[in-house]
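Okay, here's what each chain looks like letter by letter:
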Amino acid sequence: MKTFTEYLFFNTRERQEFIRITDEVQRIVETSGVQEGMVLVSAMHITSGVYVNDWEDGLIHDFKVWLEQLAPSGLDYRHHQTGEDNADAHLKRTIMGHQVMLPITKGALDLGPWEQVFYAEFDGQRRKRVVVKVMGE
Amino acid sequence: MKTFTEYLFFNTRERQEFIRITDEVQRIVETSGVQEGMVLVSAMHITSGVYVNDWEDGLIHDFKVWLEQLAPSGLDYRHHQTGEDNADAHLKRTIMGHQVMLPITKGALDLGPWEQVFYAEFDGQRRKRVVVKVMGE
Amino acid sequence: MKTFTEYLFFNTRERQEFIRITDEVQRIVETSGVQEGMVLVSAMHITSGVYVNDWEDGLIHDFKVWLEQLAPSGLDYRHHQTGEDNADAHLKRTIMGHQVMLPITKGALDLGPWEQVFYAEFDGQRRKRVVVKVMGE
């Protein structure tokens, strides 16, 4: 059994930004040498997420509008009594999910034709980290 | 370490359909010969999901009504400017989740008394695929 | 390859309660002797969840208020025709997620500075179970 761990770093220009990371994860899988197994891609901060969905700008726009409706920013959240202003980011990342497990078959990500992996930042403009851990043989 | 991969295929009659797949996953685990490990069950399309919850028709009805409220179909989504009409399916599958990891103990799925695995189709009536990947020993 | 399985039990005083379990999971990882791998933490009941987020009472309050808005209790759910009264608990746990996979690096949980693991009970006051399964080497 082999394991291989790498970290991806993000420091977004905007507070909220969705970044496609499929190629970075695929590159880490190749570096690991694992032919059959799985790779965990997981946000290490609690105001960002990792999800799989479409690489289409219109849909990404729809996601942002939708998340703002379901978990609005600027409300009088109890969390803000600590001095924070990002309670909505914690909620938004909960809806999107904070991690995915991707199957590795014959040395490559075993994804469907439209599956793309995204990092979803909801409280950016500072350095954040994602762990990518490969396990297999 | 062993790995074993199989794919499940679905072509639903209805656009939206929830299908119990616990037995199919258990059968794949048995075929794999893995006694201790985990199995990943993950939708390979971005308008369907995989989740664990109750095998009770009333609750499945409640899920569908609830998802339609949280992520309505027929709105003027930006994604639809590409010619698609299924943005709501992308959002609904995001709420339900698109994958689960199930523990395998003594050669069987290690599930609680009411846990059942479901495939949730939100844009069906065409061939879709789910990857089932077993890892363990 | 090593696997190691343990179960955590909960019997909450309140119907709804969020309980931090990071230390219990870390202890199980240490007992397993696994240095590099992953640990699955998964609710075995369908009205509770497991999630990673902030250990801050204000935010936990915000989560509860928010979940009650998105998935209200006391509605006339179809599921309640079976005699149950907990349909909202099934929906709430779906939003929070019912499981997490945590990376293990150098014998410890490989978590970011603010990541904490929680058990989220939505229909408590009775004995519930969470499976913790370690896999690695």
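Rules behind the numbers
Residues numbered from 1 in each chain as written. Chains lettered and ligands numbered in written order. Predicted model: local features only at pLDDT ≥ 70, side-chain atom pairs only at ≥ 80, totals over all residues. Heavy atoms only, no water. Helix = DSSP H or I, 4+ residues; strand = E, 2+ residues; numbered from the N terminus. Buried < 20%, exposed > 50% of the residue type's maximum accessible area, 1.4 Å probe, protein only. Contact = heavy atoms within 4.5 Å. Lys, Arg positive; Asp, Glu negative; His and termini not counted. Charge placed at Lys NZ, Arg CZ, Asp CG, Glu CD. Pairing = 2+ DSSP bridges. Axes fitted to C-alpha atoms, helices over the stretch in contact; angles between N-to-C directions. Buried area = accessible area lost by both parts, 1.4 Å probe. Salt bridge = Lys/Arg side-chain N within 4 Å of Asp/Glu carboxyl O. Polar contact = N/O pair within 3.5 Å; in protein donor to acceptor, adjacent residues only side chain to side chain. Least-squares fit on C-alpha atoms with pLDDT ≥ 70 in both. Core = buried A, V, L, I, M, F, W, Y, C linked by side-chain atoms within 4.5 Å. Parallel < 35°, antiparallel > 145°, perpendicular 65-115°, else oblique. Left-handed = near helix turned anticlockwise from the far one by under 90°. Nonpolar A, V, L, I, M, F, W, Y, C, P; charged D, E, K, R; others polar. pLDDT = per-residue confidence, 0-100.

1. Things to note about the overall build of chain A
Then comes step 1: The helix and strand tally for chain A stands at three helices and eight strands.
Then comes step 2: Principal-axis analysis of the C-alpha atoms gives chain A an extent of 50 × 30 × 20 Å.
Then comes step 3: Taking all 137 residues of chain A together, 62% fall into the buried category.
Then comes step 4: Restricting the contact set of chain A to residue pairs at least 6 apart, pairs at least 24 apart contribute 83%.
Then comes step 5: Positive and negative side-chain charges of chain A, numbering 15 and 21 respectively, have mean locations separated by a distance of 6 Å.

2. Considerations on the sheet that holds strand S8 (residues 128–136) of chain C
Residue and element names in this part refer to chain C.
Then comes step 1: Judged by pairing direction, the sheet is antiparallel, and its five strands sit side by side in the order S1-S8-S3-S5-S6 without closing on themselves. Each having just a single partner strand, strand S1 (2–10) and strand S6 (108–109) make up the two edges of the open sheet.
Then comes step 2: Across seven bridges, the pairing between strand S3 (residues 37–43) and S8 is antiparallel. By the bridge assignment for S8, Val39 is matched with Val134.
Then comes step 3: Strand contacts of helix H1 (residues 22–32): S1, S3, strand S5 (99–105), S6 and S8, with the helix running at about 150° to S1, the strand carrying the most contacts.

3. What to know about the interface of chain A and chain B
The extent of an interface is frequently quoted as the accessible surface area lost upon association of the parts.
Then comes step 1: Contact residues are listed per partner, giving 32 residues for chain A and 26 residues for chain B.
Then comes step 2: Carbon and sulfur atoms make up 65% of the area that chain A and chain B hide from each other, which totals about 2,600 Å².
Then comes step 3: The largest share of the area that chain A buries against chain B comes from Met38, Asp62 and Trp66 of chain A, three residues that together contribute 22% of it.
Then comes step 4: For the pair chain A and chain B, the number of links is one salt bridge.
Then comes step 5: Close ionic contact of Glu36 of chain A with Lys133 of chain B constitutes a salt bridge, the shortest N to O distance being 2.7 Å.
Then comes step 6: Seen at the junction of chain A and chain B, the total is twelve residue pairs in polar contact (both at pLDDT 80 or more).

4. Regarding the relation of the copies chain B and chain C
Then comes step 1: For the pair chain B and chain C, the best superposition has an RMSD of 0.0 Å and corresponds to a rotation of 120° with a translation of 0.0 Å parallel to the axis. On the angle and the small slide along the axis, the relation comes out as a three-fold axis.
Then comes step 2: Take the interface residues of chain B: only 16% of them recur as interface residues in chain C, which is what a contact between different surfaces looks like.

5. Observations concerning the relation of the copies chain A and chain B
One copy of the chain maps onto the other through a rotation about an axis followed by a shift along the same axis.
Then comes step 1: Take chain A, turn it by 120°, move it 0.0 Å along the axis, and it overlays chain B with an RMSD of 0.0 Å.
Then comes step 2: The overlap is low: 16% of the interface residues of chain A also sit at the interface in chain B, so different surfaces are used on the two sides.

6. Some thoughts on the interface of chain B and chain C
Then comes step 1: Taken together, the contacts link 32 residues of chain B with 26 residues of chain C.
Then comes step 2: For the pair chain B and chain C, the two sides together bury roughly 2,600 Å², of which 65% comes from carbon and sulfur.
Then comes step 3: Interface area lost by chain B to chain C is led by Met38, Asp62 and Trp66 of chain B, which between them contribute 22%.
Then comes step 4: Scanning the region where chain B abuts chain C turns up one salt bridge.
Then comes step 5: At the boundary of chain B with chain C, the tally comes to twelve residue pairs in polar contact (both at pLDDT 80 or more).

7. Some details on the pairing of S8 of chain C
A regular strand places its side chains on the two faces of the sheet in alternate fashion.
Residue and element names in this part refer to chain C.
Then comes step 1: Taken across its nine residues, S8 has eight buried, putting it largely inside the fold.
Then comes step 2: As paired elements, S1 and S8 share nine bridges and run antiparallel to each other. When the sheet's bridge partners are listed, Phe4 is paired in S8 with Val134.

8. Let's talk about the nonpolar core
Then comes step 1: Within the largest apolar cluster, 54 residues are counted, with the highest numbers of intra-cluster contacts made by Phe18 and Trp66 of chain A, Phe18 and Trp66 of chain B together with Trp66 of chain C.
Then comes step 2: Excluding residues that lie within four positions of it along the chain, Phe18 of chain B makes contacts with Tyr51, Ile60, Phe63, Lys64, Leu67, Met96, Phe118, Tyr119, Ala120, Glu121 and Phe122 of chain B.

9. Observations regarding the packing of helix H3 (residues 87–96) of chain A against helix H2 (residues 57–70) of chain C
Then comes step 1: Contact geometry for H3 of chain A and H2 of chain C: axes closest at 11 Å, N-to-C directions at 55°. With respect to their mutual orientation, H3 of chain A and H2 of chain C come out oblique. The two elements H3 of chain A and H2 of chain C meet at a crossing, and its hand is right-handed. Across from Ala87, His90, Leu91, Thr94 and Ile95 of chain A in H3 of chain A, the residues of H2 of chain C making contact are Leu59, Asp62, Phe63 and Trp66 of chain C.
Then comes step 2: Residue composition of the contact of H3 of chain A with H2 of chain C, by class: six nonpolar, two polar and one charged.

10. Points about the confidence of the model for chain A
Then comes step 1: Considering every residue of chain A, the mean pLDDT works out to 98; 100% of them sit at 70 or more.
Then comes step 2: If you check the scores for this complex, the pTM reads 0.99 and the ipTM reads 0.98.

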